[in-house]
Every structure is written in structure tokens, then in C-alpha cells.
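# Working through the structure, step by step
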Amino acid sequence: MPDSLVYHSAPPALLPLYGKALLPKQHKPGEQTRIPDLQADLLGIATNTPALKTYQRICGFKPGSRAPITWPHILAFPLHLKLLTEKSFPLPLLGLVHLRNTIIQHRPVSAGENLDIRVTLGNQRRTDRGMEFDLITEARAAGKLIWEETSTNLFRMAGQGASGGSKNPPQLDHYPFSEAIKAPESIGRQYAKVSGDRNPIHMHALSARAFGFPRAIAHGMWSKAHALALLEQQEGWQSGPVKVSCQFKKPLFLPGTAQLNWRTGADGWDYQILNAKGDAPHLTGRIDWL
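To keep things clear, this report deals only with the structure shown in the data block. (Residues numbered from 1 in each chain as written. Predicted model: local features only at pLDDT ≥ 70, side-chain atom pairs only at ≥ 80, totals over all residues. Heavy atoms only, no water.)

## Describing the environment of Asn153
Checked against the element boundaries, Asn153 lands in strand 6 (residues 144-156). Counting along the chain gives 56 residues from Asn153 to Val97, while the straight-line C-alpha distance between them is 5.4 Å. Asn153 has contacts with Val97, His98, Met131, Glu132, Phe133 and Leu135, leaving out every residue within four places of it along the chain. A distance of 3.5 Å separates a polar atom in the side chain of Asn153 from the backbone oxygen of Ser151. (Helix = DSSP H or I, 4+ residues; strand = E, 2+ residues; numbered from the N terminus. Contact = heavy atoms within 4.5 Å. Polar contact = N/O pair within 3.5 Å; in protein donor to acceptor, adjacent residues only side chain to side chain.)

## Some points on the packing of aromatic side chains
Inspection of every chain in the model, using the stated rule, returns 8 aromatic pairs. Ring plane angle 50 degrees and centroid distance 5.1 Å describe the contact between Tyr55 and Trp71, whose orientation is recorded as tilted. Note that Tyr55 is positioned in helix 2 (residues 52-59) and Trp71 in helix 3 (residues 71-84), a separation of 16 residues in sequence. On the accessibility criterion, Trp71 (1% relative accessible area) is buried. (Phe/Tyr/Trp six-rings, centres within 6.5 Å; stacked < 30°, edge-to-face > 60°. Buried < 20%, exposed > 50% of the residue type's maximum accessible area, 1.4 Å probe, protein only.)

## A short note on a nonpolar patch on the surface
Taken together, Leu22, Leu94 and Phe211 make up a surface patch of nonpolar side chains, about 270 Å² in accessible area. On the secondary structure map, Leu94 appears in the loop between helix 3 and strand 3 (96-105). Under the relative-accessibility criterion, Leu94 is labelled partly exposed at 31%. (Patch = residues over 30% accessible without salt bridge, like charges linked within 9 Å, V, L, I, M, F, W, Y side chains within 5 Å. Areas by Shrake-Rupley, 256 points an atom, 1.4 Å probe, with all protein chains shown as cover. Salt bridge = Lys/Arg side-chain N within 4 Å of Asp/Glu carboxyl O.)

## So, helix 3
Since the α-helix advances by 3.6 residues per turn, residues separated by three or four positions end up pointing in the same direction. Its 14 residues give helix 3 an end-to-end C-alpha distance of 20 Å, which sits within 8% of 20 Å, the value for a rise of 1.5 Å per residue. Of all the bends in helix 3, the greatest, near 45 degrees, is centred on Phe77, and the proline Pro78 appears no more than four residues after it. Within helix 3, 14 of the 14 residues are buried, which leaves the element mostly enclosed by the surrounding structure. (Expected span 1.5 Å × (residues − 1). Bend = angle between axes of the 7 residues up to and from the residue.)

Here is the structure:
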């Protein structure tokens, strides 16, 4: 077991971590690079922080006695940033791409209960696109696991054995239900303020251009949260244990419009966020009732 950084009641301060995120790494990542065993614990964090209501409004969740399913991700974000800015972590933070996210909620999280949150790094693997690894988050109440998340990140590296030809994109399914999504130009800054994720690609067009984007792009976890906020208001949504996974595809440029598209089923729902024309996905995912 790795040694853990332990915080009580309050997470590590973000401002010093932002500064560390900008520091260059001493060594260029290569084939021998290894993700270290790092772990951080936040004990006794209250779920009803002052930012909760703002988060609900920004993402579109209805206020109530239960916290949004994505809310523990926000509570854990300072621990994510702490581990990714440790001196022993070998990859540059601003070079990481968020590929996938899976949340399993064993029971709803009450707004007002206290959680113990643990974040670890693991599952390093080499792919054609580069190096992938997972941020694994667990939230417990009274010692019992009630929520868990796996966020998969990519550091791009030259591929070995990658096919030289271009791959045809998979056939895009269109589901029977749709609802329009509007992402204002300011949503990146609004979400950054409440989440702590101030990656420059989300903040302003000018800072996004420095990283190769023509305009700022929406946070992937805002897109997922907004989709779930809309879906849980639909007929047939179940309130029991649930697994919600997604893959992040094309960026949603700000300001922008998109469409949430989904289909229902007895065991689960498929959902996706498509561009305004409906011919390319920003996000694809699955909801499984457990």
C-alpha cells in the first residue's frame, strides 16, 4: 500500500497547486516512465459545502436532499490535483487528456452527510496513442463504500505498432429522444470557479488558442453532469444503485449548442451529446441500473 497524504475536514489549497502545475518536468516522459503509487485521503469532508447550490445551478440539477451523482468528483478534485502535481508524478499536467469517466453510486449521497474520500493512481498501460492511467476515487460514509469513480487520462506519445491507415469512425446511432443543450461562452469560467478545474483551455478563447484550440471548450465533466441533470428528470429514471460511464469525444466549443440524445431500456439507458447538426459526438455513454 502506498503512503497516503491525509487531510482532515478540508482539502489541500488549490492556489499553490496551480503554480506547481505550470512547472516543467525535469525529465521527458518515455517508454521507461512509470506512474508512482500515490494516494491521498480527505477525511470528514461535508457534502453540503457553500459551492453545492452553485454547482447544481450551473449543471442543471434540481435542488433537493440528495447531492448530484457527480458531486463527489468535485469534492475529490483537490486530491486529484495534489497527486498530479507531486514531484514524483512524471507527466506534465497540462499535457493530459481526459478520455473516459465511470461513476458507480451504490446509494444516493445525502446533502449534509460527511464523507471520507480516497484517491489513488493506478492501471498504467501503453496504447497506440500514448500512456494511459486511472485516477481512482472512493467515497465512504461511516466506513461503507457508497460511491466510486475511475477517470482515465492519456498522455500522448508516439505509437509503436499503430496502423498507418486512417480508421473509419464507427457508425453513429441516433436515439429516439433528444433535448437541446446551450453552452454559453462563460460556462467554462463558471464551472472552473465551482470545481477548481482552471485548465486554460476552458477559460478564454485567448488562453485556449495557446494550446491549439480556436475557442475555449467546455469541461468534459460539466457536459457529463449536465447530461445527467437532464436525464434524471425524464420519465423512467431510477433512484437506486447506478453505474454511469462515458467517453469524451470531440470538444464542445464555447459558446456552442448541442443536443442530448438518448434511448431507454429495462436495464439501462444509452446517451450521447451530439453537435448541433447531430452528425458527430461530443460524448457517448451508458447508464446501467445495478
